[in-house]
Amino acid sequence: MYFINFNFQSRAAKIPSVLIRGLGKSVSYEVGDRDVDNLNNSWTAVFVAGGWHFVFPLWAFSVVVGHSKGTWTLVETQGKGAREKEEKSSGQTISHINDYYFLTEAEEFIYRCYPNDSKWQLLTRPFTKQDFIEIAYCRQAYFQNHYKITTPTKCSYASAGGVCDIGMKRLDKKECSYAYELYFNHEVSKTTLSSEIQLDRYVAIFNERSSMRFRVRFPIEGIYKMEIFDDYSLLCAFKLECNEDVNYVKPFPCNPESGFGPNSLTKDAGLKAQSHKTGFINIKQTKNFTMKFNITKNVLVQTILIHNNMEQETLKKHVNHKIKGQELYIDLNLPQKGEYALQINTKDKDSGGSFKNVCNYLLTSENMNKNRRPYENAIEKRTRKALQDNTSSYNISALQKALDDFDKVDLEDKGDRQKAEERLTYLSLRKELKNAIARRHGEKLEEAIENAKSSEYVSSLKKLIEEADDLLSQLRRLKRFAHEVLKMQQPTISEIHNYKHPKPMAYDVMKATYILLGEEERRVEEWEQIQALMRKTGKEGLLRRVRLFDTVQVTENMVNHSSQILRPYDEERIRASSAGLGTFYNWARNVIEEIRK
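About the criteria used
- Note that residues are indexed from 1 along each chain, following the sequence as it is written.
- Where local features are concerned, this predicted model is filtered to residues with pLDDT of at least 70; where side-chain atom pairs are given and counted, the filter is 80 or more; whole-chain, interface and lining totals use all residues.
- Excluding hydrogens and water, the side-chain figures rest on all heavy atoms present in the structure.
- Runs of H or I in DSSP of at least four residues are treated as helices and runs of E of at least two as strands, each being numbered from the N terminus.
- Exposed residues in this analysis have more than 50% of their type's maximum accessible area, buried residues have under 20%, and partly exposed residues fall in between, with area computed by a 1.4 Å probe over protein chains only.
- Under the rule applied, a polar contact is a pair of N or O atoms within 3.5 Å (in protein, one hydrogen donor and one hydrogen acceptor; residues adjacent in sequence only if both atoms are side-chain atoms).
- Any two residues having at least one pair of non-hydrogen atoms within 4.5 Å are treated as being in contact.
- In this text, buried Ala, Val, Leu, Ile, Met, Phe, Trp, Tyr and Cys residues form a nonpolar core when linked through side-chain atoms within 4.5 Å.
- Paired strands, in this sense, are two strands between which DSSP finds at least two bridges.
- Pairing of aromatic rings covers Phe, Tyr and Trp, the last counted by its six-membered ring, and requires centre-to-centre distances within 6.5 Å; plane angles under 30 degrees mean stacked, over 60 mean edge-to-face, and any other angle means tilted.
- Throughout this description, the term charge over a ring refers to an Arg CZ or Lys NZ atom that lies within 6 Å of the ring centre and within 35 degrees of the ring normal.
- The convention used is that axes are lines fitted to C-alpha atoms, helices contributing only their stretch in contact, and that angles between N-to-C directions extend from 0 to 180 degrees.

Let us look at the side chain of N360. Within the element layout of this structure, N360 appears in strand β26 (residues 356-365). A relative accessible area of 0% places N360 in the buried class. A distance of 2.9 Å separates polar atoms of two side chains, one belonging to N360 and the other to N357. Contact partners of N360, with chain neighbours within four places excluded, come to P256, S258, G259, F260, G261, G279, L342 and Q343.

On to the nonpolar core. Counting residues in hydrophobic clusters, the biggest one holds 67 residues, and the most contacted among them are L433, L461, M510, Y514 and W587. Top contributing element to this core by residue count: helix α12 (residues 462-486), with ten residues. Counting 66 residues, the second largest nonpolar core, distinct from the first, contains V203, Y224, M226 and A237.

Here seven bridges tie strand β1 (residues 17-24) to strand β2 (residues 40-48), and the two strands are oriented antiparallel to one another. Its bridge partner lying in β2, G22 is registered against N41.

The final tally for this structure, using the stated rule, is 25 aromatic pairs. Ring geometry for W52 and W120: centres 5.2 Å apart, planes at 90°, overall edge-to-face. In this pair, W52 sits in strand β3 (residues 51-55) while W120 sits in the loop between β9 (113-115) and α4 (129-134), placing the two residues 68 residues apart along the sequence. Counting every residue linked through ring pairs, the aromatic cluster contains W43, F54, F56, W59, Y100, Y101 and F109. A cation over an aromatic ring shows up here: R217 above the ring of F252, its NZ or CZ 3.7 Å from the ring centre. The side chain of K324 reaches across the aromatic face of Y329, ending 5.7 Å from its centre.

Once that is clear, we can look at the sheet that holds strand β20 (residues 280-283). Read across the open sheet, the four strands follow the order β20-β26-β25-β22; overall the sheet is mixed. On the outer flanks of this sheet lie β20 and β22 (299-307), each paired with one strand and no other. Averaged over all pairs of adjacent strands, the angle between their axes in this sheet comes to 25°, without regard to strand direction. As defined by bridge partners, β20 adjoins β26 across four bridges and the pair is classed as parallel. Following the sheet pairing, N282 is matched in β26 by T364.

Below is the structure:
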């Protein structure tokens, strides 16, 4: 019914539309399903604004709520254990307007809908059916809130050592709160959830610069589902398969709401990590170590050490802190090998109030009090020398291998390992900047620039940061130039296309536009040729080409030729003739000036 009405309205409005059949990940889809042939569905594509766009009338006007296959048991949410079995329900369909499914971007639409005819993917690189089956199950909030999965972008993960990691980052850097729910499939799993199994604290969040990592440990073997939320909107879901013995796997010592590692709460509280900037600390050689923070506010500090099987009262004497000027030092003396959590709490010294948790670390130590030889054998000497030599090189993979070899041999640090880690961080930031510049990708540039500027290597990377900043500014200007073109309505473009005997200015403006877009002059000598180009759709469509335009493809000859064509005209004269032509003229002039700068 929705499709019939929509197609009827499209025809009435003289908008070309096509019915597309294929597979759609609707409520009957379960994340990780390999058999998707029962997901037959239909949607439409409409030709507006110079190109084809997707509309899914059924999903745009209705939603199914309360649907459940009854196969899942909720086992953990936000660090708290649960044992809630879902009841089987077909759900209820209600009317609901969701404008996300009007003119959905092709790059997002393919995550949930796979057409039988691959040309209706409208993608430069079409998905295979296997791609569609394996791609991560991302919902509309994932795309609308600009998220990116930093681990493999797939819907199913297998455990390794009783653990799965899922990485996420928000590209627009906005602050938000995260939630998760971990489910156990009690129907297909080979094991059952015993009432004696503790279910809380098997998921932890690690803050890693501008991204986060959800680390899942498994209480028993089986099939799980992980759902991740942002401000109560479902972002994505994953199937997690644990097919190994996990009797040795223990829950985390604690599961702080803000996660492990320094974050915005830490900064707002007046603490800036200097020595340990990630939430996981692996203590290799000694049970004693010190952490260092800069203090930017007048605060009181409280430090608490936590262990799964030891009382906090016992652990009190193993952690202490002191403040010297604007620096905080936290000294730890772990009583035995194992896993600990360190909680750092603060409160304002002047206004009082209660302590608030602002930062946490997960600490592991397996080799404490190990007896060492007073000398190194030949293999150990070669391993240390390899690390020292690679620390002064620019070869990231060789340096990483040298670090891995150093850890395998379990050599004493003596400062070599720390220098290598610092060098690796610097080289990784440098490579990230260079790659982003080479790719000329706005989001990658933003990410690389922020990572570099927030690091301690900002002065060493100054020239690359400036180059990346300049390029990002240029790409933003090009995007701004294109904005007016991209918001034009289809009738405006059709008006230009339908000129039978255009004035010279119309021919010249469109000819200059296409030359800047890379067309050879022999292909724009006649108005009929330009009309044929304007009729193209998909990746050859005019608006798409303007949206993806980059100056790197433009030669000096193309700029000079386009400038010469447009020289007799000005914007006022062009716009008096046609608003659409004025828009293309303005875009071309801006591009020419940008390149000549």
